[in-house]
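# Structural description and commentary
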Amino acid sequence: MNAAVSVLIPCFNVENYLRQCLDSVVNQTLRDLEIICINDGSTDSTPDILREYAARDPRIRIIDKENTGYGDSMNRALDMAGGEYVGIVESDDWAEADMFERLYAAAKEHDCDLVKSNFYDYGGGVSTLNEIIPPEDAGQVIAPRVRTAIFTRTCYIWTAIYRRSWLERERIRFLPTPGASYQDTSFNFKALACAERAWFMRDAFLHYRRDNENSSIYSSGKVYCVCDEYAEIERFIQKNKKYLSLSPIAQKMKYQSYYWNFRRLSLPVDREFGIRASSEFAEAFRLDLIDSTLFKPKHYRRLYTWAHHPRLFFLREMMRSNGRRKIWRSVKQRFQKEN
């Protein structure tokens, strides 16, 4: 189907939120849309809701498949998409009515590979602006790889549209690992690295739901998916030598993702994940891939400790979690004397 924008909506057991999402997409002011909904083996009423909307709107196409995960769902949708540009709306989020009209107009006016905007965090019945776009990079055509701060701030794929022919030419796909945690990480990195012409908008259109307790981001069941994503980023950089200069920013992103992941886990998974992360960061230091100037001093110290002194790192984090700063200081002093 030829359309201005193909909107991809991955769905898995989202019956409580799906109608709001679909209403926000079918009622976009840009009517020239193709809407591809991917049912990833839902066991609730999600498939029935999708069929109900598809019966009313011929722009909606449904992919029904077994539960093979987010990455596989998105790749199948990309294979089906026929739009000039591709956008993504998660099925528990929703979009402002003019989102795709505004993004598409900017993409056409400036001949862009991608256009990305700010978004709203939604929780407790309130939407709050989340400004991920650096103000100094907004409102101009840039190649993101020369503005590396963009990589650490604009780590979301659903605030943007992407030129489909460009995605195909650059072979930018999703990693088809099981589950739905972090599978947008390597996709986003590759898109930012490869884009020659990107436009960043300070406007916000997408409402990102943070009050869905079933969201995959809160699951510890696929804890190592984030490791798979960063392994793919490192493979991508090594295969494409022109992006080697992005290795330090990839390591900073990895630290941010790994630390957030570590802090949300509980024993014994956090310790197992932390040991693996320590080994990976130690190797990154050995290969001279860590640029201390990209980190705040306290974050660099934490990363260095994690990589070279994991026992000390675990003790520090345990004390931090318990809020027992006095005990931590005594443990730290004793550890330093012993070493």
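## Concerning the packing of helix α7 (residues 185–194) against helix α8 (residues 225–239)
- Running from N to C, α7 and α8 cross one another at 25°; their axes reach a closest spacing of 8 Å. Taken as axis vectors, α7 and α8 run roughly parallel relative to one another. For the element pair α7 and α8, the recorded crossing hand is right-handed. Contacts from Thr-185, Ser-186, Phe-189, Lys-190, Ala-193 and Cys-194 of α7 reach α8 at Glu-229, Tyr-230, Glu-232, Ile-233, Arg-235, Phe-236 and Ile-237.
- Among the residues making up the contact of α7 with α8, the classes are represented as seven nonpolar, two polar and four charged.

## A few points about the nonpolar core
- In terms of nonpolar packing, the biggest core is built from 104 residues, with Val-5, Tyr-162 and Phe-189 touching the most fellow members.
- Once residues lying within four places of it in the same chain are set aside, the contact partners of Tyr-162 are Glu-84, Tyr-85, Val-86, Ile-88, Asp-113, Leu-114, Lys-116, Tyr-156, Ile-157, Leu-167, Phe-187 and Ala-191.

## Quick notes on the pattern of salt bridges
- For the coordinates displayed, the defined rule picks out 27 salt bridges.
- We note a salt bridge from Arg-59 to Asp-57, for which the minimum N-O separation is 2.8 Å.
- Among the residues examined, Arg-59 registers a relative accessible area of 9% and is labelled buried.
- Overall, Asp-57 belongs to the buried group, its relative accessible area being 11%.
- One salt bridge connects Lys-254 with Glu-234, and the closest N-O pair in it is separated by 3.0 Å. Of this pair, Lys-254 sits in helix α9 (residues 247–264) while Glu-234 sits in helix α8, and the two are 20 residues apart along the sequence.
- Classification of Lys-254 as buried rests on a relative accessible area of 3%.
- Here the residues in one salt-bridge network are Asp-40, Lys-65, Asp-72 and Arg-76, joined through shared partners.

Scoring rules and cut-offs
- Residues numbered from 1 in each chain as written.
- Predicted model: local features only at pLDDT ≥ 70, side-chain atom pairs only at ≥ 80, totals over all residues.
- Heavy atoms only, no water.
- Axes fitted to C-alpha atoms, helices over the stretch in contact; angles between N-to-C directions.
- Helix = DSSP H or I, 4+ residues; strand = E, 2+ residues; numbered from the N terminus.
- Parallel < 35°, antiparallel > 145°, perpendicular 65-115°, else oblique.
- Left-handed = near helix turned anticlockwise from the far one by under 90°.
- Contact = heavy atoms within 4.5 Å.
- Nonpolar A, V, L, I, M, F, W, Y, C, P; charged D, E, K, R; others polar.
- Core = buried A, V, L, I, M, F, W, Y, C linked by side-chain atoms within 4.5 Å.
- Buried < 20%, exposed > 50% of the residue type's maximum accessible area, 1.4 Å probe, protein only.
- Salt bridge = Lys/Arg side-chain N within 4 Å of Asp/Glu carboxyl O.

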